[in-house]
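Architecture and fold: a report
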Amino acid sequence: MHRTVEATSDREPPSTGPWRPTAASGGNLAATVVRRHYRRAMAQELSERSELAPGVTLTTGEAGLPMIRVECGPATGSIYLHGAHVVEWVPVGRGSALWLSAVPYDGGGALIRGGVPICFPWFGNGPDGTRSPLHGFAGRLPWAIEEVRGTDDGVLVVLHLTESPATTAQWPHLFEATYQVLFGEKLRLSLQIRNTGTEAFTFEQALHSYFNVNDVAGIAIRGLEGETYTDRAPGAAAATGVLSGPMHIVAETDRVFEGTSAPTYIQDTLHTVRIAKTGAASTVVWNPWSDKAEAMPDFGDDEWPWMVCVETGNVRSDAITLSPGQAHTMTTTITLD
Ligand SMILES: O=P(O)(O)OC[C@H]1O[C@@H](O)[C@H](O)[C@@H](O)[C@@H]1O
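Residues numbered from 1 in each chain as written. Predicted model: local features only at pLDDT ≥ 70, side-chain atom pairs only at ≥ 80, totals over all residues. Heavy atoms only, no water.

**Structural notes on the site of the ligand**
Around the ligand, the surrounding shell consists of Arg-113, Phe-123, Leu-134, His-135, His-208, Arg-232, Asp-254, Val-284, Trp-286, Lys-292 and Glu-311. At 2.6 Å from an oxygen atom of the ligand is found a side-chain nitrogen or oxygen belonging to Arg-232. In the environment of the ligand, an oxygen atom lies 3.5 Å from a nitrogen or oxygen atom belonging to the side chain of Trp-286. Relative to its unbound accessible area of 390 Å², the ligand is 89% covered by the protein chains. Of the residues that constitute the shell around the ligand, the class distribution is four nonpolar, two polar and five charged. (Near = heavy atom within 4 Å. Polar contact = N/O pair within 3.5 Å; in protein donor to acceptor, adjacent residues only side chain to side chain. Areas by Shrake-Rupley, 256 points an atom, 1.4 Å probe, with all protein chains shown as cover. Nonpolar A, V, L, I, M, F, W, Y, C, P; charged D, E, K, R; others polar.)

Set out below in structure tokens:
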């Protein structure tokens, strides 16, 4: 059953930034089209406001893609406009919290491997298992800058994505996605989806966060005790189960927990990561382990022990249905204890 979300109050229409994603002809997400958006976006952004705010610059990252780099009192961080993809968050005096593969991103059609990919409007291959690309299109498109400003807690970056022929060819709905990212002592990620069309739609979503750990086989994930999961990993000990205690990872793991909203903790010798959420009922825990890591071209063969994904989302039975004009906001707040 999908959850239907109550309407939220209208807000000001987003200001248009100096550039916005334009329609990709042909309705597909060909890498060449995406790259063309970026070349144009980058040229305009760099000439018009390469210093976006004190301590905030627009620079280029892997594959020459435009990236906002934040260096403020409480934290440093980076977010690509490509996919609104956060790739770095380092609270001052602490280690880097987000894992990012050492394999350079090639700027092609895949999601950046690491950081926090956005999955929308479906997760994996979608509810019926037939959707492509994996995890939807939002993490593969250029987002527009709506706002960048310093706050008492750090730097707030607000990015924006709406439908285009490239999206409606795959998902025939009108929407407005607004992503607020606060880089501070906490990393707060808040994704609002608004139905701007005339018909209801249902979507899945996830903030597919990858975390650094010292040794994935030594961590304990707390906060999911007593919850039911399905495990899609081939060879998983059980396809479904109920966690009787803290979760440990001892093999390829791909567990989806539905109907759970309590904070989750990753306890590791490096640090404890606390992942709190609102507007989100699903948690996904993923580690590819050795064989799958070797099979993935964008994942180093030896990188899997140093990462774990604990993802905040609304997937499967937690998918969200919005009537015209309604909006839903999912927020995750990440802290290092
Ligand atoms: O390789 P991708 O598409 O980035 O996805 C990585 C993993 O992401 C997880 O969220 C999924 O549950 C896994 O099934 C998937 O393998």
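**Focus on the confidence of the model for the protein**
Per-residue confidence for the protein gives a mean pLDDT of 88, with 85% of residues at or over 70. This stretch, residues 6-40, has a pLDDT under 50; its non-local contacts, to residues over four places away or in other chains, come to 69 contacts. For this predicted complex, the interface confidence score (ipTM) comes to 0.96, while the overall pTM stands at 0.87. (pLDDT = per-residue confidence, 0-100. Contact = heavy atoms within 4.5 Å.)

**A look at the pairing of strand β21 (residues 282-287)**
Most of β21 is tucked away, with six of its six residues classed as buried. Here β21 shows two buried faces, one formed by Ser-282, Val-284 and Trp-286 and the other by Thr-283, Val-285 and Asn-287. Direction of pairing for strand β18 (residues 253-257) relative to β21: antiparallel, over a ladder of five bridges. Note on β21: the bridge partner recorded for Asp-254 is Trp-286. (Buried < 20%, exposed > 50% of the residue type's maximum accessible area, 1.4 Å probe, protein only. Helix = DSSP H or I, 4+ residues; strand = E, 2+ residues; numbered from the N terminus. Pairing = 2+ DSSP bridges.)

**What about the nonpolar core?**
Formed by 75 residues in total, the largest nonpolar core has its most connected members in Ile-68, Trp-143, Tyr-179 and Val-308. Here the element with the most residues in this core is strand β10 (residues 175-184); it accounts for five residues. With residues up to four places along the chain from it excluded, the contact list for Ile-68 reads Leu-52, Val-56, Thr-57, Leu-58, Gly-77, Ser-78, Ile-79, Leu-81, Ile-145, Val-148, Val-157 and Leu-159. (Core = buried A, V, L, I, M, F, W, Y, C linked by side-chain atoms within 4.5 Å.)

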